[in-house]
Amino acid sequence: MKPRFWICLILMALLASCAHGGGKPALTFNAAVPEGWKEIPTDDAMMFMTKEGGYKQFVLIRERPLSEPFQFTKKTMNPGMMPEAAAEVVVNEILADSNVRNFSVTENTPARIAGYSGFRLAFVYTDADGFVFKTLYYGFIKGDTFYNIRYAATQEDYFQKDLKTFEKVFDSFKLVAAK
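What you are looking at is a predicted structure, and each value in this text was computed from that prediction instead of being measured. (Residues numbered from 1 in each chain as written. Predicted model: local features only at pLDDT ≥ 70, side-chain atom pairs only at ≥ 80, totals over all residues. Heavy atoms only, no water.)

Chemist: I keep staring at the overall build of the protein chain and nothing clicks. Help me out?
Modeler: In terms of helices and strands, the protein chain carries three helices and nine strands. In the protein chain, the succession of helices and strands from N to C terminus is α-β-β-β-β-α-β-β-β-β-α-β. The proportion of buried residues among the 179 residues of the protein chain is 40%. Pairs at least 24 apart in sequence give 44% of the contacts found in the protein chain among residues at least 6 apart. Element-wise, carbon and sulfur atoms account for 57% of the exposed surface of the protein chain, whose accessible area totals about 10,200 Å². (Helix = DSSP H or I, 4+ residues; strand = E, 2+ residues; numbered from the N terminus. Buried < 20%, exposed > 50% of the residue type's maximum accessible area, 1.4 Å probe, protein only. Contact = heavy atoms within 4.5 Å. Areas by Shrake-Rupley, 256 points an atom, 1.4 Å probe, with all protein chains shown as cover.)

Written out as structure tokens, the structure is:
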């Protein structure tokens, strides 16, 4: 390939990076990655960690602006929304995802997350590839941001095995000043 091609390719990549904001947004939270687990880099405002791969178990921690509509329902949240109403938005979003099958909520209760009032959902679903996942999903609103912490694992194999590890991640979660 000609050097001119590579120069053009590098310039296009730099322009795309600048247009996207220069990479991953600064997170306003942190959490400990458990020993033996690895954090998988993303370009979004989230932490994704796993021990043996996303089809075994994962923890996903995400922050999203309240004004950002959800992908499938296009619903948004607002700063004054009660935790029960926020949980309902999340459930409706999951129900609207055509890749989720056999969705069943087994728990929907109030919860404290890093000192904030929120909700805890427990549910089971089958993904489009036939994998059955058991999930704990915590969420809360702080200011103009919705935070969620999700632990999912294949129900039969990994959920109980890594539940205590997830609890340590959950306990380590805290909000920090924007970087």
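Don't stop here, the text continues.
Chemist: Before we go on, may I ask you to explain the side chain of Asn 148 in this structure?
Modeler: Structurally, Asn 148 can be placed in strand β8 (residues 145-154). Its relative accessible area of 5% is what places Asn 148 among the buried residues. Setting aside residues no more than four positions away along its own chain, Asn 148 makes contact with Leu 60, Ile 61, Arg 62, Tyr 137, Tyr 138 and Gly 139.

Chemist: For this particular structure, what's the right way to read the sheet that holds strand β4 (residues 57-65)?
Modeler: Sheet strands line up and pair through hydrogen bonds in the backbone, either parallel or antiparallel. The seven strands are arranged β2-β3-β4-β8-β7-β6-β5 in an open sheet whose pairing can be described as antiparallel. Both outer strands of the open sheet, β2 (38-40) and β5 (101-113), are each paired with one neighbouring strand and no more. On average, each strand axis in the sheet is inclined to that of its neighbour by 20 degrees, with strand direction left out of account. As paired elements, strand β7 (residues 132-142) and β8 share 10 bridges and run antiparallel to each other. Bridge pairing links Tyr 138 to Ile 149 in β8. Relative to strand β6 (residues 116-126), helix α2 (residues 83-96) is tilted by about 25 degrees, and along the sheet it contacts β5, β6, β7 and β8. Along the sheet, helix α3 (residues 159-172) makes contact with β3 (46-50), β4, β5, β7 and β8, crossing β8 at roughly 155 degrees. (Pairing = 2+ DSSP bridges. Axes fitted to C-alpha atoms, helices over the stretch in contact; angles between N-to-C directions.)

Chemist: When you look at the nonpolar core in this model, what are you seeing that I'm missing?
Modeler: Among the nonpolar cores identified, the biggest contains 26 residues, and Val 59, Ile 61, Ile 113, Tyr 138, Ile 149, Phe 166 and Phe 173 are the most heavily contacted of them. Breaking this core down by element, the ones donating at least two residues are β3, β4, β5, β7, β8 and α3. For this core, the leading source of residues is α3, giving five residues. For Ile 61, the contacting residues outside a window of four places in its chain are Phe 29, Ala 31, Ala 45, Met 46, Met 47, Met 49, Asn 148, Ile 149, Val 169 and Phe 173. Of all hydrophobic cores here, the second largest spans 24 residues; its members include Phe 70, Ala 87, Ile 141 and Phe 146. (Core = buried A, V, L, I, M, F, W, Y, C linked by side-chain atoms within 4.5 Å.)

Chemist: Can you help me understand the packing of aromatic side chains in this one?
Modeler: The relative placement of two aromatic rings is captured by the distance of their centres and the angle of their planes. With the rule as written, the count across this model stands at 20 aromatic pairs. Ring plane angle 25 degrees and centroid distance 5.4 Å describe the contact between Phe 48 and Phe 58, whose orientation is recorded as stacked. Of this pair, Phe 48 sits in strand β3 while Phe 58 is found in strand β4, placing the two residues 10 residues apart along the sequence. Assessed through its relative accessible area of 22%, Phe 48 is described here as partly exposed. Residue classification places Phe 58 among the buried positions, given a relative accessible area of 10%. Against the face of Phe 70 rests Arg 64, its NZ or CZ located 3.9 Å from the ring centre. (Phe/Tyr/Trp six-rings, centres within 6.5 Å; stacked < 30°, edge-to-face > 60°. Lys NZ or Arg CZ within 6 Å of the ring centre and 35° of its normal.)

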